[in-house]
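# Observations on the model geometry
As a plain string of letters, each chain reads:
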Amino acid sequence: MTNKTSSFISSEFFSSSATSEASPPKETALQIVARLEKARVGKKSDLQSLPQRPPSRVQIPLWSEDHRPVLHDLVRSALFTCGQRDARLDLKAKPIYALEHIKISYTGEELRQRDYDVYLQILHLSRGATVDNRQEWVEFEARALIRMLGWTQNSRSLIELRETIRRLTACALEVTRSRTKTSAAVVYGGPLLLKYAGAQEGGFDEVTLWKVQINSEVAAQLKPGDYTRIDWQIRNRLSPLEKWLHAFYSTNQHPYPMKVETIHKLCGSRMAEIKFFRRAIKAALGRLVEVGFLSSWQLDDTDKIKVIRSQMVTAHDQEDTGKDGVSVPN
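A brief look at the structure comes next.

Parameters at a glance
- Residues numbered from 1 in each chain as written.
- Predicted model: local features only at pLDDT ≥ 70, side-chain atom pairs only at ≥ 80, totals over all residues.
- Heavy atoms only, no water.
- Helix = DSSP H or I, 4+ residues; strand = E, 2+ residues; numbered from the N terminus.
- Expected span 1.5 Å × (residues − 1).
- Buried < 20%, exposed > 50% of the residue type's maximum accessible area, 1.4 Å probe, protein only.
- Polar contact = N/O pair within 3.5 Å; in protein donor to acceptor, adjacent residues only side chain to side chain.
- 1 Å grid on protein atoms, 1.4 Å probe; cavity = no way out; pocket = protein on both sides within 12 Å on 5 of 7 lines; lining within 4 Å.
- Points joined across faces, edges and corners; volume = space filled by probe spheres on them.
- Nonpolar A, V, L, I, M, F, W, Y, C, P; charged D, E, K, R; others polar.
- Contact = heavy atoms within 4.5 Å.
- Pairing = 2+ DSSP bridges.
- Axes fitted to C-alpha atoms, helices over the stretch in contact; angles between N-to-C directions.
- Parallel < 35°, antiparallel > 145°, perpendicular 65-115°, else oblique.

Another point: helix 7 (residues 155-170). Between its first and last C-alpha atoms helix 7 spans 23 Å; for 16 residues at 1.5 Å apiece the expected length is 22 Å, and the two agree. By the burial criterion, the buried members of helix 7 are Ser 157, Leu 158, Leu 161, Arg 162, Thr 164, Ile 165, Arg 167, Leu 168 and Thr 169. Of the residues flanking the start of helix 7, the one acting as N-cap is Asn 154, its side-chain oxygen 3.3 Å from the backbone nitrogen of Arg 156.

Laid out in structure tokens, this is it:
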């Protein structure tokens, strides 16, 4: 009976001494620590031997006290809308309407023209500076910035400034731009501001001293032909729709006629009926003639708007492309 049972069981089962001799000796705790430390040092040495990427240095251009730089990719789109009173939309990887050579995807709270005012002013404070991927702070006094923006000097403006800086930091955009259908595309993105810090006094939201870090990958796009210097004094006198039109038409000395419906989408208007927007854009264009930016404008029988600029462009303006198509989200 015993022999029959053992024939079904390996002899190694009964020979514990043979098994222990075949197994490798167990490491002690000290040996394990020593082995891991040796591996870590070796890996660190391998990484240090790899070529290191030099800091990516960006020279922010210079411009006069009376001008601000608008990046063509951003103002030829509905990224900064002309919204004013409606609740802001919360967007997630949202395709943004833009001219056909530009594609923008945006995540975050809807950005408006007053947000763009703050961003332009922060860029203005950093003009001429050289920054790299280690980043440098742009520091400013909140009330001084509010005065430059033309906002009312009160607690509400301090709170709005804080909300705007938070919005510019919490967003994420991706821009793809190609000059022609066959040219290689340029892709860049991230938040407009990387991070911020501040000191407050008085109420909880009344931050009076700020320092922020701009996204140098976006600022690096301020290259000749890709941005325009606009008149800051004129912009400060305009309504949100007028600001959008002013920035948009500043990027081209001889703008091509464009349908009212196309402009309605490009500026991010949320007017439900095009007839109301048509009335609003007529008033806005009239205002741009009044402040001296446009020489004239007209609306033809095909519902296209044609404008004639009264100001010469700077050396940093882009030449006419001969197209006025748009990139329409699916």
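Anyway, onward from the coordinates.
A word on empty space enclosed by the protein. With the rule as written, the count across this model stands at 3 cavities of 30 Å³ or more. In this structure, the largest cavity encloses a volume near 60 Å³. Elements supplying a minimum of two residues to the lining of the largest cavity: strand 2 (67-71), helix 5 (113-125) and helix 8 (216-219). Considering every element that reaches the lining of the largest cavity, the biggest residue donor is helix 5, with 4 residues. The class makeup of the residues in the lining of the largest cavity is 10 nonpolar, no polar and no charged.

Further remarks concern the environment of Pro 61. Among the secondary structure elements, Pro 61 is positioned in the loop between strand 1 (58-59) and strand 2. A C-alpha to C-alpha distance of 9.7 Å links Pro 61 and His 124, two positions 63 residues apart in sequence. Beyond its immediate chain neighbours, meaning those up to four positions away, Pro 61 contacts Arg 127, Gly 128, Leu 222 and Tyr 227.

Taking strand neighbours across the sheet as the criterion, the 3 strands line up as 15-17-16 in an open arrangement whose pairing is antiparallel. Of all the strands in the sheet, the pair left with one neighbour each is strand 15 (258-259) and strand 16 (294-299). As paired strands, strand 15 and strand 17 (residues 304-309) are joined by 2 bridges and run antiparallel to one another. Of the residues in strand 17, the one forming a bridge with Met 258 is Ile 305. Along the sheet face, helix 12 (residues 274-290) touches strand 16 and strand 17 and points at about 160° away from the line of strand 16.

Another aspect to go through is unusual backbone geometry. Its identity as a non-glycine residue notwithstanding, Ala 93 has a phi of 45°, on the positive side. Positive phi is not limited to glycine here, since Asp 303 has a value of about 70°.

In this section: the packing of helix 5 against helix 7. Contact pair helix 5 / helix 7: the axes reach a minimum separation of 10 Å and the direction vectors enclose 85°. Here helix 5 is positioned roughly perpendicular relative to helix 7, judged by the angle of their axes. In this structure, helix 5 uses Arg 114, Asp 115, Val 118 and Tyr 119 to contact helix 7, whose residues at the interface are Glu 160, Leu 161, Thr 164, Arg 167 and Leu 168. Broken down by class, the residue content of the contact of helix 5 with helix 7 amounts to 4 nonpolar, 1 polar and 4 charged.

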